[in-house]
Structures are given as C-alpha cells and as structure tokens.
Amino acid sequence: KNIVILISGRGSNMQAIVRAAQAEGWPCRIAAVISNRADAEGLAFAASHGIPTEVIVSKEFPSREAFDAALRVAIDRFSPDLVVLAGFMRILTPALVEHYDGRMLNIHPSLLPSFPGLATHSQALAAGVKVHGATVHFVTAELDHGPIVAQAAVPVLPGDSEHSLAERVLVEEHVIYPRAVRWYVEGRLSIDSGLVHIADAAQ
Ligand code: GRF
C-alpha cells in the first residue's frame, strides 16, 4: 500500500510512522511527504530517509479551492491508498475531503469530541479537565469530527503548563498514530457508513 503523509512543521508524528513502518516491516511504502511550508523541519528527516518530498505553498494560490486542487494533484501522483495528516495545519475543502473519503486519517491532540480546533492543551487546562489525550480519526468535512479510530489518555497534573501537557500527550500520539496506520495498511482498519471497524485490535 502507498501512504502519503502531509505535514506543516516538526513532523514528529510522521517520523514515528516512518520509523515504525521500517522497524516493523509494514506492507507499505511511504510514497511521499508533502508540506505546505518550505521550512517544515520534518522535510529533512523524510529526505534523509529516501522519501520523496514536495512543498506546495498555500500563499501562492488565489483561493483555498485552487490550493486544494493543486494539493490533490500532488498527492494523487503517488497513488495513495492512505493519506495521513500529521500536524498539517490547513483546513481542507469538503471537495478534497470527499475525494479521500475513508482513506484519510488525522491526529488531533485532545480526547475528541472535547476541544476541537487549535490550542487544545490550553483549552484543556482552562476547562480544568483531569484527563486529556489524543485522538486518531478518519477525516470528514466537519473539522476534528470524523469517526474515531484510536485514543490515548494522559493525566493532567497539578502545575501542568501547556508545554508539559503537550509533551505528555505527544508521547502517546507517537504510540497510537503508527498503530492506527499499521492497522490500515494491514487491511484491519476500515470504515463503512461512518462506522469504524478494527479487526484484531488487541494485537
Ligand atoms: C501534534 O500534536 C498533532 O496532534 C497536532 O499538531 C502536532 C504536530 O506535531 N495536529 P508533529 O508535527 O507531528 O511533531
């Protein structure tokens, strides 16, 4: 199976997926890493692992639709079975989301449906929740609302800052996202009429 990963920055989730795929010998090829920012730190890691990289700068397009159309062409050049959003900080048009229906995953740093959108860790601190975490979900047109594939919870500790909480959540992101992508490439993860099915999820 071909996987295309979209990033905007650091790309630590992308790295966790690439490392797991290599170490565990997944039946897939990370076909490309595409960024909407030329300065995304993750691009260097991808290139150093022999993964083709591409940059499509959103500012160079007159509209969201035009950018998404170019993005779609760039992604589809690699014939992806799965598109993985890994810290890709762009809201996608419904047309693009529809095109990858059932084959696009995202990771969001909160226990959805709590705290969609940005600044999830400060949202969690402000709400005073005692448990926070991360969610892997299929992407649908409604931002951060797609069917949930996997979640991991972490405690919110006294004295936590946004930074300390983000670090604790990120450790778990690097566990659940590679695992979910692995399920997909092994044909164990599917979605039918909005319902997620995972075969043998315990393994
Ligand atoms: C992660 O916390 C991810 O959940 C969120 O943005 C962050 C990206 O980090 N969407 P990285 O680029 O994967 O290191």
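Residues numbered from 1 in each chain as written. Predicted model: local features only at pLDDT ≥ 70, side-chain atom pairs only at ≥ 80, totals over all residues.

### What to know about the confidence of the model for the protein
Logical step 1: On average, residues of the protein score 96 in pLDDT, and 99% of them are at 70 or above.
Logical step 2: On the interface metric, ipTM, the complex scores 0.97, and its pTM is 0.96. (pLDDT = per-residue confidence, 0-100.)

### Digging into the environment of V57
Logical step 1: One can find V57 in the loop between β3 (53–55) and α3 (64–76).
Logical step 2: C-beta crowding within 10 Å serves as the criterion here: with 12 such atoms nearby, V57 is assigned to the exposed category.
Logical step 3: Along the primary structure V57 and I75 are separated by 18 residues, whereas in three dimensions their C-alpha atoms are 14 Å apart.
Logical step 4: Not counting residues within four places of it along the chain, the set of residues in contact with V57 comprises N36 and A38. (Helix = DSSP H or I, 4+ residues; strand = E, 2+ residues; numbered from the N terminus. Buried ≥ 20, exposed ≤ 12 C-beta atoms within 10 Å, placed from the backbone. Contact = placed C-beta atoms within 7 Å.)

### Describing the site of the ligand
Logical step 1: Close contacts around the ligand come from 13 residues, with R10, S12, N13, G87 and P109 the closest.
Logical step 2: Only α1 (12–24), β5 (104–108) and α6 (162–185) provide two or more residues apiece to the shell around the ligand.
Logical step 3: The residue makeup of the shell around the ligand, split by class, is five nonpolar, six polar and two charged. (Near = placed C-beta within 6 Å. Nonpolar A, V, L, I, M, F, W, Y, C, P; charged D, E, K, R; others polar.)

### So, helix α5 (residues 120–127)
Logical step 1: Within the sequence span of α5, burial applies to T120, H121 and A124. Angular distribution of buried residues about the axis of α5 spans 100 degrees; they occupy a single face of the element.
Logical step 2: Looking at the buried residues of α5, the elements they touch are β6 (131–138) and α6.
Logical step 3: Positive phi shows up at G128, right after α5, with a value of about 75 degrees. (Arc of directions from axis to C-beta.)

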